[in-house]
Amino acid sequence: GGKGKGNPRLKFEGLPPSTADDVVVPKGYAHNVVIRWGDPVLPGAPEFDFENQTAEAQEKQFGYNCDYVAFRELSRDRGLLWVNHEYTNENLMFAGYTDGADIDPELIKVSMAAHGGSIVEIVRDRKGGWRPSKGKRRFNRRITATTPMRITGPAAGDALLRTEADPEGTEVLGMLNNCAGGMTPWGTILTCEENFNQYFVGGEGAPEEAKAALKRYGVPVEGDTRKDNRRFDRVDERFDLSKHPNEVNRFGWVVEIDPTDPDYKPRKRTLLGRIKHEGANTRITDDGRVAVYMGDDERFDYIYKFVSKNRYRKGSRRHNDTLLDSGTLYVARLTGNSPAEEFDGSGKLPSDGAFDGVGEWIPLCTEEESYVDGMTVAEVLVHTRIAGDKAGATKMDRPEDFEPNPVTGKVYCALTNNSAREPGQADESNPRGPNKHGHILEITEAGDDAGATEFTWDVPVVCGDPADPDTYFAGYDKSKVAPISAPDNLTFDKHGNLWISTDGQPGELGIHDALHAVPMHGKYKGELKTFATVPVDAECCGPFITEDNKTVFIAPQHPGEEGTVEEPTSTWPDRGAFPRPSVVSIWHKKGKDIGS
Ligand code: FEO
Ligand code: CA
Ligand code: CA
Ligand code: CA
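Model, not experiment: these values are computed from the prediction.

Parameters at a glance
Residues numbered from 1 in each chain as written. Chains lettered and ligands numbered in written order. Predicted model: local features only at pLDDT ≥ 70, side-chain atom pairs only at ≥ 80, totals over all residues. Helix = DSSP H or I, 4+ residues; strand = E, 2+ residues; numbered from the N terminus. Rg over C-alpha atoms; globule rule 2.2 N^0.38 Å. Buried ≥ 20, exposed ≤ 12 C-beta atoms within 10 Å, placed from the backbone. Contact = placed C-beta atoms within 7 Å. Pairing = 2+ DSSP bridges. Axes fitted to C-alpha atoms, helices over the stretch in contact; angles between N-to-C directions. Domains from an automatic or database assignment. Nonpolar A, V, L, I, M, F, W, Y, C, P; charged D, E, K, R; others polar. Core = buried A, V, L, I, M, F, W, Y, C linked by C-beta atoms within 7 Å. pLDDT = per-residue confidence, 0-100.

1. Description of the overall build of the chain
Looking only at helices and strands, one finds eight helices and 31 strands in the chain. Scaling as 2.2 N^0.38, a compact globule of 596 residues should have a C-alpha radius of gyration of about 25 Å, and the chain matches this with 23 Å. Considering only C-alpha atoms, the chain reaches an extent of 60 × 60 × 50 Å along its principal axes. Put simply, the chain has 596 residues, and 57% of those count as buried. For the chain, the share of sequence-separated contacts (at least 6 apart) that also reach a separation of at least 24 residues comes to 62%.

2. Considerations on the sheet that holds strand E30 (residues 551-557)
With antiparallel pairing, the four strands of this open sheet are ordered in space as E1-E31-E30-E29. Two strands close off the open sheet at either side, each with one partner strand: strand E1 (29-36) and strand E29 (539-545). This sheet shows a mean twist of 25° between the axes of neighbouring strands, independent of strand direction. As paired strands, E1 and strand E31 (residues 582-588) are joined by seven bridges and run antiparallel to one another. Among the inter-strand pairings, Ala 30 is bridged to a residue of E31, identified as Trp 587.

3. Quick look at helix H3 (residues 105-114)
In an α-helix, one full turn covers 3.6 residues, which means residues spaced three or four apart are oriented alike. Burial within H3 is extensive, with eight of its ten residues counted as buried. Those residues of H3 lying buried are Leu 107, Ile 108, Lys 109, Val 110, Ser 111, Met 112, Ala 113 and Ala 114. Next to the buried residues of H3 lie helix H1 (55-58), strand E3 (78-85) and helix H2 (90-93). Looking one or two residues beyond H3, the residue adopting positive phi is Gly 116, at roughly 105°.

4. Observations regarding unusual backbone geometry
The residue after Gly 433, namely Pro 434, is reached through a cis peptide bond having omega -5°. Examined against the element boundaries, Pro 434 turns out to sit in the loop between strand E21 (411-415) and strand E22 (439-445). In this structure, Pro 573 follows Trp 572 across a cis peptide bond, with omega equal to 0°. Looking at where Pro 573 falls in the secondary structure, it is placed in the loop between E30 and E31. One non-glycine residue, Asn 65, lies in the positive phi region at around 30°. Locating Asn 65 in the fold gives a position in the loop between H1 and strand E2 (66-75). In this structure Asn 65 comes out as buried when scored by C-beta crowding, with 28 C-beta atoms within 10 Å. Positive phi, normally seen in glycine, also occurs at Asp 537, with a value near 65°. Its place among the elements puts Asp 537 in the loop between strand E28 (529-533) and E29.

5. Considering the domain arrangement of the chain
Here the domain parsing of the chain yields domain 1 (29-194 + 252-588) and domain 2 (195-251). Here the C-alpha centroids of domain 1 and domain 2 sit 24 Å apart. Here the side of domain 1 that touches domain 2 takes five residues from H3, the largest share from any one element. Among the residues forming the side of domain 1 that touches domain 2, the class breakdown is 13 nonpolar, six polar and eight charged.

6. A word on the environment of Gly 388
Tracing the sequence through the fold places Gly 388 in helix H7 (residues 384-391). Once the C-alpha coordinates of Gly 388 and Val 372 are considered, the two residues, 16 residues apart in sequence, prove to be 8.8 Å apart. Leaving out residues up to four positions away in the same chain, Gly 388 has contacts with Tyr 302, Val 331 and Ala 393.

7. What about the nonpolar core?
Val 69, Leu 81, Leu 272, Leu 364, Leu 498, Ile 554 and Val 583 are the most contacted members of the largest nonpolar core, which has 153 residues in total. With six residues, H3 is the single largest residue contributor to this core. Shared between two domains, this core holds at least three residues of each, these being domain 1 (29-194 + 252-588) and domain 2 (195-251). Leu 364 has contacts with Leu 329, Tyr 330, Val 331, Tyr 371, Val 372, Val 380, Ala 387 and Ala 391, leaving out every residue within four places of it along the chain.

8. Brief notes about the sheet that holds E28
Reading across the sheet, the four strands line up as E25-E26-E27-E28 and stay open at both edges, with antiparallel pairing between neighbours. With one partner strand each, in any of the chains shown, strand E25 (487-492) and E28 form the two edges of the open sheet. The average angle at which neighbouring strand axes cross in this sheet is 25°, direction not considered. Taken together, the four bridges between E25 and strand E26 (residues 497-502) define a ladder with antiparallel strand orientation. Residue pairing for E26: Leu 490 is matched across the bridge by Ile 500.

9. As for the pairing of strand E20 (residues 399-404)
Every regular strand shows the same layout, with side chains that alternate between the two sheet faces. Among the six residues in E20, six count as buried, and that is most of the element. Between E20 and E21, which pair antiparallel in sequence order, lie six residues; one of them, Gly 409, sits at a positive phi of approximately 80°.

10. Digging into the confidence of the model for the chain
Averaged over all residues, the pLDDT of the chain is 97; the fraction at 70 or higher stands at 99%. Across the interfaces of the predicted complex, the ipTM metric reaches 0.95, alongside a pTM of 0.98.

11. Section: the environment of Thr 328
Take Thr 328: it is sitting in strand E17 (residues 327-336). Between the C-alpha atoms of Thr 328 and Val 407, which are 79 residues apart in sequence, the distance is 26 Å. Those residues in contact with Thr 328 that lie beyond four places of it in its chain are Val 307, Pro 363 and Thr 366.

12. Concerning the pairing of E22
Burial runs high along E22: six of the seven residues are buried. In this structure, E21 lies alongside E22, joined through five bridges in antiparallel fashion. Across the sheet, residue Cys 413 finds its bridge partner in E22, namely Leu 441. Looking at chain direction, E22 and strand E23 (residues 454-462) are connected through six bridges and run antiparallel. Of the residues in E23, the one forming a bridge with Ile 440 is Val 461.

Here it is in structure tokens:
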């Protein structure tokens, strides 16, 4: 730690708020659409035919609602793009859509095939933008809601994970609602299942003893559980909890995928816990082990860290493939250093001038031992939220993405918002109640070691309209910063600037979601600017900055979400009849670093 300080500054001219149905980038920059929903990915994929969609075609084409984006360089102008396909908007995909109960079952299979992820070989053109390679594309792959995956780690094979179709409890079909993610030091992708609860019906008929845990994860257990549901159960019975109550336990995991091995069977890593995972980002500990930081995106839920037992070995794929199956899973407790009575929910800075304090990583279990009273290791891992409750973890305002700063080693978490926090529930780490606009948490591990069990923390950014007194931008002159709300996905450039994309900024500020950037150390710390804005009703996913710092990928997710096929609110990017979630690359026209 403590290396490479200086005063990074973002030199681009920040954008004003946007209401355009388009991607807008700063002066001097250009952008292009890299790949869209329905574009061919696998050999033999047909061209997209909106009017005549089939599951067979969708299984070979780029999926829906791009979220996490990663890029692994193969050579200077060639590499592999990984993209999560978080969920589907049937109202925008299928003409005349009303409800999962009425839809043609073939279209339910299209939705299932549009979930998951894509690996696409891409090349950079002479201008600086990226497009799918027309060459051999031997790495190209589609992962869907039916791709066979291996369950690994200490909960694999446990009774809670066994089903009629998989009596061993070690193999599951598909991944669902993969939101954010991360890349490991060994080049694999960690892609994270978030709101898996929304795919299951029949909770009212689940065994009584299973219901408390189902409820804790937001799975409906009373009333008409089939209402407003995609009804995957109509084509595959395993989504009906009254018949297969354990199937839901097989979702909500971090999934590891090797993009350079088309035969790699994706692994659901149970030792990283089962929550509504947002992302999973790594740091190497001082003694060479791997730490993974994770948020559980729910109001009043927790932040987690995993630390492996064994050391990362550069170049040893086989060894590194075992790293996430032994180690310790922790949950965070944060304690403020200012008197509790100074927090009334208004977001006013306390008398010591900072939202800050100390924290501890409370161990929940290792691969061998549970530290939670009355819970086995497998129970801690399958019902991690309940373990966090028992451990007395700190209830946060929807922990989203986590990202370590490559320059300072500090770790950042986006707390997106929490409309349900009452003024009396405000505390120093979640100082507003209600919290409409979210904030950024900064964690400094003891001794700067990612393996530490204690840390200090502070809140460098309290989001919102900078004209509002309850916002804070690291003490920077607020007349010089841009508005931001609902921080979601994070990434860093190599200079230590934090890039923050938003999901829900329109709701509170009336402007489109965007990608913002802000230095996180030095004298310009807090000078937040807007770098890109996205189309109508879209959230801004990605962002991912390539290793050479020449490209940032963003993924405008669910453009036109509030509309229908019949009445579209967005026609991005084709200006045709309907919107298409896509991945965009942005570069500086003179080849300068992103942020210049
Ligand atoms: Fe899918 Fe928490 O965002
Ligand atoms: Ca304080
Ligand atoms: Ca997200
Ligand atoms: Ca990220």
